[in-house]
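A closer look at the structure
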Amino acid sequence: VSWRLSLGMPTDDQLAEPEPSDGERPAPSNGAAAGGSAGEVAKPATTMTREELLSNKSILTTTGSDALARDSLDILERALSTGKLRFSDKDFSEDNFVKALKSVGIYVKLKGLLPHRSSVLTVEEVDMSDVPLYNETPEDVALIARWDAKRRAQTLQLAVQFVRVSTAAKIVRLENCNLQGSTHDREDLIEQEVIRLVKKFGFGSGKDARYTSEVSLARNRFEDAFAKKIIEGAHWERAAHPDKENLPRLLLDLRGNRIRNPSRIIADLREGHSAAGPVHVATVDDPEEEQKKAIVVVNFGSQDGPRASSLARAREVPKPKPAAPAAAS
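Remember, predicted model here, so these are calculated numbers, not experimental data. (Residues numbered from 1 in each chain as written. Predicted model: local features only at pLDDT ≥ 70, side-chain atom pairs only at ≥ 80, totals over all residues. Heavy atoms only, no water.)

With that out of the way, let us pick up the sheet that holds strand 1 (residues 84–86). One key point about sheets: their strands pair by backbone hydrogen bonds, in either a parallel or an antiparallel sense. In spatial order, the strands read 1-2-3-5-7-9-8; together these seven strands make up an open sheet with parallel pairing. Strands with a single pairing partner mark the edges of an open sheet, and in this sheet they are strand 1 and strand 8 (281–283). Mean inter-strand twist for the sheet, computed between neighbouring axes without regard to direction, equals 10°. As paired elements, strand 1 and strand 2 (residues 125–127) share three bridges and run parallel to each other. Across the sheet, residue K84 finds its bridge partner in strand 2, namely E125. (Pairing = 2+ DSSP bridges. Helix = DSSP H or I, 4+ residues; strand = E, 2+ residues; numbered from the N terminus. Axes fitted to C-alpha atoms, helices over the stretch in contact; angles between N-to-C directions.)

Okay, here's the thing in structure tokens:
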């Protein structure tokens, strides 16, 4: 709860509360328009200069450096102009990513961009690729006693909670984030957070519920049993939508993981070898008509694992051409 409050985000208890009446809503501030939930009138935001934002005490305390404060503000400002909230091109360590994400949350509050409890950032895409969201056990033996499963999951929980509650993102990319899952263990906090990504977002319900249309978990360490559970979770959540003629659909990218038998997963799901019956799923290699019928379309691609995929990407970088020989004098 404490890390959610540090971002100014609602807790799980608050998510279950009814939407406040107009008389309970905070008074609007002055400035640029803010994002909001469906049917909610956008309220003006506050106006602060870039210098005022960067010199804010909470920002300086959170980031610990002027450079990280600037990077965090750049991420938010670019998101507001492009609709894409990208942490993927900053080469963040896990610690700096957490600081940057918290700082983005603070900047959002300072700018007055989320005036209501159900307001969201009106961004279309969130990209946290190449950020180590899963904490590895430290080599320092003295620290292992404090490095339990809950601690290891905190960064991913923070990231997923921010995406689900504070953004309107339709596309979420968590590629090469050191995530792993081999079963569907309800006690595994990492697996539970990944499942949340393909389920309903935010406060809406019924026809107003929000879902992602594309989730990329490429180049992580997911195996067959857990990949099957991700697909099932996405399917049944969407199949329950009240608008049966226009069910929300999902493109799920699982390339570069450790899935040994994708065809077996698809066959089992289609044949109803799951808890609730047949699953309407297809792959990007299936005919277009099959994909149109599916609620979830999966890109399994190559399953070489994250390291092999990274090497392959590195090999795709064009080599510089050799310099032309010097002209004879």
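What follows continues from the structure just given.
It is worth spelling out the environment of L179 at this point. Within the element layout of this structure, L179 appears in the loop between strand 3 (171–173) and strand 4 (180–181). Note on L179: relative accessible area 0%, which makes it buried. Expressed as a C-alpha distance, the spacing of L179 and L156, which sit 23 residues apart in the sequence, is 8.9 Å. The residues touching L179, leaving out its near neighbours within four places in the chain, are L133, Y134, L156, L174, V194, N220, R221 and F222. (Buried < 20%, exposed > 50% of the residue type's maximum accessible area, 1.4 Å probe, protein only. Contact = heavy atoms within 4.5 Å.)

Right, let's talk about the nonpolar core for a bit. Ranked by size, the top nonpolar core spans 67 residues in total, and within it F87, F97, L174, L217 and I231 carry the most contacts. The element contributing the most residues to this core is helix 6 (residues 94–111), with eight residues. Residues within four places of F97 in sequence aside, it is in contact with F87, F92, M128, V131, L133, T155 and A159. (Core = buried A, V, L, I, M, F, W, Y, C linked by side-chain atoms within 4.5 Å.)

This part covers the packing of aromatic side chains. Centre distance and the angle of the planes are the two values used to describe a pair of aromatic rings. Counted by the stated rule, this structure contains two aromatic pairs. Ring geometry for F87 against F97: centres 5.4 Å apart, planes inclined by 80°, an arrangement best described as edge-to-face. Within this pair, whereas F87 is found in the loop between strand 1 and helix 6, its partner F97 is found in helix 6, the two being separated by ten residues in sequence. Accessibility assignment for this pair places F87 and F97 in one class, buried. Plain terms: the ring middles of F222 and F226 are 5.3 Å apart, the flat faces sit at 40° to each other, and that makes the pair tilted. (Phe/Tyr/Trp six-rings, centres within 6.5 Å; stacked < 30°, edge-to-face > 60°.)

Relative to strand 7 (residues 250–253), strand 5 (residues 214–216) runs parallel, the two sharing three bridges. Residue pairing for strand 7: V215 is matched across the bridge by L252.

The next subject is helix 5 (residues 66–82). The first and last C-alpha atoms of helix 5 sit 24 Å apart over 17 residues, in line with the 24 Å expected at 1.5 Å per residue. For helix 5, the set of buried residues is L68, A69, S72, L73, I75, L76 and A79. End-on, the buried residues of helix 5 take up no more than an arc of 150°, which puts them together on one face. On the buried face of helix 5, the contacting elements are helix 3 (50–54), helix 4 (57–63), strand 1 and helix 6. (Expected span 1.5 Å × (residues − 1). Arc of directions from axis to C-beta.)

On the secondary structure map, R173 appears in strand 3. At 3.2 Å, the side chain of R173 and the side chain of E214 are in polar contact. (Polar contact = N/O pair within 3.5 Å; in protein donor to acceptor, adjacent residues only side chain to side chain.)

What follows is about the packing of helix 9 (residues 189–197) against helix 10 (residues 224–239). The contact between helix 9 and helix 10 brings their axes to 9 Å, and the two run at 35°. The handedness of the crossing between helix 9 and helix 10 comes out as right-handed. Contacts from E191, V194 and I195 of helix 9 reach helix 10 at F226, K229 and I230. For the contact of helix 9 with helix 10, a count of residues per class yields four nonpolar, no polar and two charged. (Left-handed = near helix turned anticlockwise from the far one by under 90°. Nonpolar A, V, L, I, M, F, W, Y, C, P; charged D, E, K, R; others polar.)

Another aspect to go through is the pairing of strand 9 (residues 296–299). Residues V296 and V298 line one face of strand 9 and the alternating positions V297 and N299 line the opposite face, and both faces are buried. When strand 7 meets strand 9, the two strands line up parallel, connected through four bridges. Each residue of the ladder has a partner; that of D253, found in strand 9, is N299. As defined by bridge partners, strand 8 adjoins strand 9 across three bridges and the pair is classed as parallel.

Moving on, we get to the pattern of salt bridges. For the coordinates displayed, the defined rule picks out 16 salt bridges. Between E77 and R50 there is a salt bridge, with its nearest N and O atoms 2.8 Å apart. Of this pair, E77 sits in helix 5 while R50 sits in helix 3, and the two are 27 residues apart along the sequence. What makes E77 partly exposed here is its relative accessible area of 29%. What makes R50 partly exposed here is its relative accessible area of 27%. Via salt bridges that share partners, R50, D74 and E77 belong to a single interconnected network. (Salt bridge = Lys/Arg side-chain N within 4 Å of Asp/Glu carboxyl O.)

Just geometry here; none of it tells us what the structure is for.
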